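An overview of the molecular structure
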Amino acid sequence: MQFSSLGRSGLNVSRVCLGSMTWGIQNTQQDADEQIEYALSRGINFIDTAEMYPIPPNDKTYGDTERIIGDWFSRSSYKREDLVIASKIAGPSLAYIRGGAFISEQSIAHAIDASLERLKMDYIDVYQLHWPNRSTSHFGRHWPNVIKPTKTNTTEEVKRKRGILTALGAAIESGKIKHWALSDDTPWGIHTYLRLCDEMSIPRPVSIQNEFNLLHLKDWPYLIESCVFEEVAYLPWSPLAGGLLSGKYRNGERPKGSRFTFVQRNGMFRDTEQSQMAVEAYCDLAQKHDMTPSQLALAWCDQVDGVCSTIIGATTMAQLKEDIDAFDISLSEVCIDEINALIKQYPAAF
């Protein structure tokens, strides 16, 4: 297993981050235990979760993924200091989480305490803002004029950010979190927080996780360049585009228990005609180079300059083993050239 520095945190994290959002709906406690133990045996030290998990989110299962991790941890002799645990506070829109309210100075302390109780841990290594309070171009809303930045009151946004940073600084000072980070944000969001952190003498964010895969490249190169230059680790999530790049949804297939068989809060926007054509091409290319489609997509993601650690998720042990094996694959120059040709053919599949 290879490791990378997580921004300015001083933490070294595995190039593979074990995602957990299926634990609690698609996966049981026993499944999660097996996945965690196997991941650790392969050298993974980085686990990502969130208070709103599992997915698809709902009020009945809210917090269950953190509880599952906490249950495993309470029975494990694994040293806490050898793990890097990342969790997230939910942004606005989910009525059953703090009434759907904005992330605020007032809500952060309560949310951290609740996550720590569920995780059965004394601290969280990396505490992330799951998505911004303002509407942004993520989750299929990146097409022109879907989100109109001229409608955003930036003065109010900056005021809210100051409150958020005050709470995060207090949580770091108390030892409840070691570092803080972003998720599903933009260059403006990153740089505004960096500026405010310096003004307020609050530690800077150490990372950001955004969707990034062969079908969805909007962060390359501008946001990723900002991350590299400012020492904010870039963590791709959904490197398989919600499972599309595995090839399992080809020809309209919907394997039993797969994500696309569940009611989606969002995600089906990925399944377009362009995506289907691109997936066919990538599947053919993977076969040509003697690897699975998932391994092609993950190995490609890992070699992108500026990527720190890629967040993977699996519902079966076979999938998990296949995915982790992908990070031992070095793509040939010929393969990369052929991938680049397909990227030019399908630059924005969804």
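Residues numbered from 1 in each chain as written. Predicted model: local features only at pLDDT ≥ 70, side-chain atom pairs only at ≥ 80, totals over all residues. Heavy atoms only, no water.

Moving on, we get to the environment of I224. Mapped onto the fold, I224 is located in helix α6 (residues 222-230). For I224, a relative accessible area of 1% gives the class buried. In this structure, I224 is in contact with F212, D219, Y234, D305 and G306, ignoring residues within four places of it in sequence. (Helix = DSSP H or I, 4+ residues; strand = E, 2+ residues; numbered from the N terminus. Buried < 20%, exposed > 50% of the residue type's maximum accessible area, 1.4 Å probe, protein only. Contact = heavy atoms within 4.5 Å.)

Let us now look at the pattern of salt bridges. Under the counting rule described, the total for this entry stands at 24 salt bridges. Residues D325 and R42 are paired through a salt bridge, measuring 3.0 Å at the closest nitrogen-oxygen approach. You can see D325 sitting in helix α9 (residues 317-325) and its partner R42 sitting in the loop between α1 (29-41) and β4 (46-48), a full 283 residues away along the chain. Taking the relative accessible area as the measure of exposure, R42 reaches 23% and is therefore partly exposed. A salt bridge links R195 to E199; the shortest N-O distance between them is 3.3 Å. (Salt bridge = Lys/Arg side-chain N within 4 Å of Asp/Glu carboxyl O.)

Looking now at the packing of helix α7 (residues 273-288) against helix α10 (residues 333-345). Between α7 and α10, the least distance of the axes is 11 Å, while the angle of their chain directions is 175°. Of the possible angle classes, the one that applies to α7 and α10 is roughly antiparallel. Contacts from A281, Y282, L285 and K288 of α7 reach α10 at C335, E338, I339, L342 and I343. Of the residues assigned to the contact of α7 with α10, the class counts are seven nonpolar, no polar and two charged. (Axes fitted to C-alpha atoms, helices over the stretch in contact; angles between N-to-C directions. Parallel < 35°, antiparallel > 145°, perpendicular 65-115°, else oblique. Nonpolar A, V, L, I, M, F, W, Y, C, P; charged D, E, K, R; others polar.)

Before going further, it helps to examine the nonpolar core. Counting 90 residues, the largest nonpolar core has W180, L215, Y282, W300 and I339 as its most contacted members. Setting aside residues up to four positions removed in sequence, I339 forms contacts with L214, Y282, L285, L296, W300 and L331. Ranked by size, the runner-up nonpolar core spans 15 residues in total, among them V126, A181, C308 and I311. (Core = buried A, V, L, I, M, F, W, Y, C linked by side-chain atoms within 4.5 Å.)

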